[in-house]
Amino acid sequence: MNHEEIIAATREWIEKAVIGLNLCPFAKSVYVKNQVRIVVSDARHIDGFLEDLDRELDHLAEVDPEVTDTTLLVHPTLFPDFLDFNDLVQIADEAVSEHELEGVLQIASFHPDFQFEGTEPDDITNYTNRSPYPTLHLIREASIDRAVEAFPEAEMIYERNMETLQKLGIAGWKALGLSESKKHGQE
């Protein structure tokens, strides 16, 4: 599996699910301006992935938002288990603090098997955070603030997304035709 295929599957997910279903009303504006950086990590272990995260945190903090507004750090094989990945997210949040970027950047997480606490694995609401590959989304807080100003009821996005997916259902999600990740050896 090469980087181009991984990036293509990630772009397809952004276009068909994130933007297509309007799961994030802020995504389209930066995506169409090519301000979304997608980085595929080849790290062979968690320490290597965290080094990649460190580099991407520094890069996003330093680059002009007009060039790169947000970064998706993707690893196709290192985190097949969602609970292990979820533990990594806590470490990633600590990295934001270590880089003294609290209040500047934050991290959101996406995974092919994402599961909200208190839900069953096949609950359609989990699909709001399901991506083709384990992904850390590095987000500028200033961008979130601007988006929230433009979207007066931003706190309602989560609830609206749940309603959208409940109406869509599993069959509707599958009908989007998103590429399946190869995390379980699927070809």
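Keep in mind that this is a model prediction, so the values were computed, not measured.

Enquirer: Is there a simple way to explain the packing of aromatic side chains in this structure?
Expert: Under the criterion given, the structure shown has seven aromatic pairs. For the ring pair Phe 114 and Phe 116, a centre distance of 4.8 Å and an interplane angle of 75 degrees mean the geometry is edge-to-face. Each of the two residues, Phe 114 as well as Phe 116, counts as buried. An aromatic cluster is built from Phe 82, Phe 114, Phe 116 and Tyr 158, whose rings are joined through pairwise contacts. A cation sits over an aromatic face here: Arg 130 above Tyr 127, 4.5 Å from the ring centre.

Enquirer: What should I look at first to understand the side chain of Arg 140 in this one?
Expert: Mapped onto the elements of the fold, Arg 140 is located in strand S4 (residues 135–140). Although Arg 140 lies buried, it forms no salt bridge, and the closest oppositely charged side chain, Asp 69, sits 4.2 Å away as judged by the N-O distance.

Enquirer: Got a minute to help me understand the side chain of Thr 68 in this structure?
Expert: Structurally, Thr 68 is set in the loop between helix H3 (46–62) and strand S2 (70–74). Leave out the neighbours within four places in its chain, and Thr 68 touches Gln 35, Arg 37, His 59, Leu 60, Val 63 and Arg 140.

Enquirer: Would you mind going over helix H4 (residues 82–98) with me for this structure?
Expert: The periodicity of an α-helix, 3.6 residues per turn, causes residues three or four positions apart to be oriented the same way. With 17 residues, H4 ought to run about 24 Å at 1.5 Å a step, and its terminal C-alpha atoms sit 24 Å apart, in line with that. Within H4, the full set of buried residues consists of Phe 82, Phe 85, Leu 88, Val 89, Ala 92, Ala 95 and Val 96. The buried residues of H4 occupy an angular sector of 120 degrees when projected down its axis, which confines them to one face. Exposed and oriented more than 90 degrees from the buried face of H4 are Leu 83, Gln 90 and Glu 98. Buried residues along H4 sit in contact with H3, strand S3 (105–110) and S4. For H4, the side-chain oxygen to backbone nitrogen distance between the N-cap and Leu 83 is 3.1 Å, and the N-cap itself is Asp 81. Just downstream of H4 lies Glu 100, where phi reads positive at about 55 degrees.

Criteria and cut-off values
- Residues numbered from 1 in each chain as written.
- Predicted model: local features only at pLDDT ≥ 70, side-chain atom pairs only at ≥ 80, totals over all residues.
- Heavy atoms only, no water.
- Phe/Tyr/Trp six-rings, centres within 6.5 Å; stacked < 30°, edge-to-face > 60°.
- Buried < 20%, exposed > 50% of the residue type's maximum accessible area, 1.4 Å probe, protein only.
- Lys NZ or Arg CZ within 6 Å of the ring centre and 35° of its normal.
- Helix = DSSP H or I, 4+ residues; strand = E, 2+ residues; numbered from the N terminus.
- Lys, Arg positive; Asp, Glu negative; His and termini not counted.
- Salt bridge = Lys/Arg side-chain N within 4 Å of Asp/Glu carboxyl O.
- Contact = heavy atoms within 4.5 Å.
- Expected span 1.5 Å × (residues − 1).
- Arc of directions from axis to C-beta.
- Polar contact = N/O pair within 3.5 Å; in protein donor to acceptor, adjacent residues only side chain to side chain.

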